[in-house]
Amino acid sequence: MQLLTDRFGRVHDYIRISVTDRCNLRCVYCMPDEGMTFLPHEQVLSKDEIIDFMKIMVGFGIKKVRITGGEPLLRTDIVDIIAGISTIPEIEDIAVTTNAMYLVKKAEALKAAGLTRVNISLDSLHEDRFKTITRGGKLQKVLDGIAKAEEVGFFPIKLNVVLIKGQNDDEILDFLQFTKDKDINIRFIEYMPIGHAGDGWKKQYLSLQTIFDACDEAGLSYQPVDSIRGNGPSENYRLEGAKGTFGLIHPVSSHFCASCNRLRLTADGYIKACLYWDEEMNIRPFINDPEKLMALVQKSIDNKPESHEMAIALQDEMQSHKPTTRRMSQIGG
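Thresholds applied
- Residues numbered from 1 in each chain as written.
- Predicted model: local features only at pLDDT ≥ 70, side-chain atom pairs only at ≥ 80, totals over all residues.
- Heavy atoms only, no water.
- Core = buried A, V, L, I, M, F, W, Y, C linked by side-chain atoms within 4.5 Å.
- Buried < 20%, exposed > 50% of the residue type's maximum accessible area, 1.4 Å probe, protein only.
- Helix = DSSP H or I, 4+ residues; strand = E, 2+ residues; numbered from the N terminus.
- Contact = heavy atoms within 4.5 Å.
- Pairing = 2+ DSSP bridges.

(A) Representation of the nonpolar core in the model. The biggest cluster of nonpolar side chains holds 102 residues, and the ones touching the most others in it are I15, M54, M57, I85, F188 and F246. Ranked by residue count, the leading element in this core is helix α1 (residues 47-57), at six residues. Apart from residues no more than four positions distant in its own chain, M57 is found in contact with L4, I15, I62, L263, L293, M294 and V297.

(B) View of the pairing of strand β12 (residues 262-265). Of the two faces of β12, the one lined by R262 and R264 and the one lined by L263 and L265 are each fully buried. Pairing analysis gives four bridges linking strand β3 (residues 14-18) to β12, with the strands arranged parallel. Each bridged residue has a counterpart across the sheet, and for I15 the counterpart in β12 is L263. Of the strand pairs in this sheet, β12 and strand β13 (residues 270-272) are connected by two bridges, and their pairing is antiparallel. When the bridges of β13 are listed, L265 appears paired with I271.

(C) Summary view of unusual backbone geometry. For the bond from G69 to G70, the omega torsion is 20°, close enough to zero to count as cis. Looking at the secondary structure, you find G70 in the loop between β4 (64-68) and α2 (78-86). Residues F155 and P156 are joined by a peptide bond in cis, for which omega reads -5°. The topology assignment puts P156 in the loop between α5 (139-152) and β7 (157-163). In this structure, A100 is a non-glycine residue whose phi angle is positive, near 75°. If you trace the backbone, A100 turns up in the loop between β5 (93-98) and α3 (103-113). If you check the backbone angles, R135 has positive phi at about 55° while not being a glycine. Relative to the helices and strands, R135 resides in the loop between α4 (127-134) and α5. R135 gets classed as partly exposed once you look at its relative accessible area, which sits at 31%.

Right, here's the structure in full:
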């Protein structure tokens with residue numbers, strides 16, 4: 001089998017597929033409050049296109065898939081998409097990242113279709129603050145979604161917390177306490193400059209050293225743990241006596257590019273080898289031509305830089321490539 005390997009020896013066996021750029025929330029780090037133009041439905045990859053694409057990709061070593069958005073559960077055919085991918089024998093793991101607004105309604109069907117795991121966005125444990133960060137979200141729906149995910153047997157359940165200076169950084173201990181009695185992985189994620197014009201994002205950025213500082217100040221003991229099942233770059237720890245764990249994903253302060261094994265497919269059919277840079281290639285015309293499609297995918301991988309250089313952006317230094325102008329919701333995270 002020809003594996004998808006770049007010039008730095010990184011083997012790519014994992015893909016994140018965005019099935020929509022639309023979302024029922026407007027999280028502050030993901031999209032602006034207004035001014036977004038969404039794809040016409042005919043420009044979004046169909047269920048059959050996604051499944052046919054994956055049938056080709058597994059022949060080149062792709063075996064792990066994450067379904068993203070926007071909000072993927074907005075797709076009326078999301079269960080059929082999961083079911084179609086799960087029938088491909090080479091696929092070992094199918095996960096979804098969701099805001100959980102529709103998870104209670106769809107969890108059982110998704111589990112039956114073959115979904116393995118869920119990552120749930122949860123940026124505050126305070127109702128009013130959660131509503132502000134998400135621009136309209138209901139915290140209780142997320143909490144209900146977490147409970148439903150536990151009930152149907154998704155494991156591990158990971159909760160994504162984007163750390164935002166001045167908005168939720170005073171909740172670090174609350175999130176850590178959340179792991180005491182629940183076998184859940186809380187993942188703190190640094191604020192990233194994806195699709196942002198200017199330097200405004202820097203005012204909201206915090207290094208994840210802040211998490212360790214909060215633990216030390218509170219006298220909380222923690223130990224590193226073995227990798228949590230999944231495909232992400234999280235460094236994981238457990239508070240003394242806790243049932244669950246917490247993880248740190250720090251793409252800016254301590255990037256993980258050297259071990260990057262992922263590709264991304266946007267909802268309109270563009271392959272991206274790196275989240276941050278603007279290079280992307282339209283594979284949609286070639287989904288029925290495996291040879292040309294895989295030549296284009298390999299070209300994207302061949303062009304993949306060694307690093308995304310977000311830390312350089314933080315220090316106002318010159319970057320080697322052009323950053324993407326797409327917002328996170330338009331890429332799929």
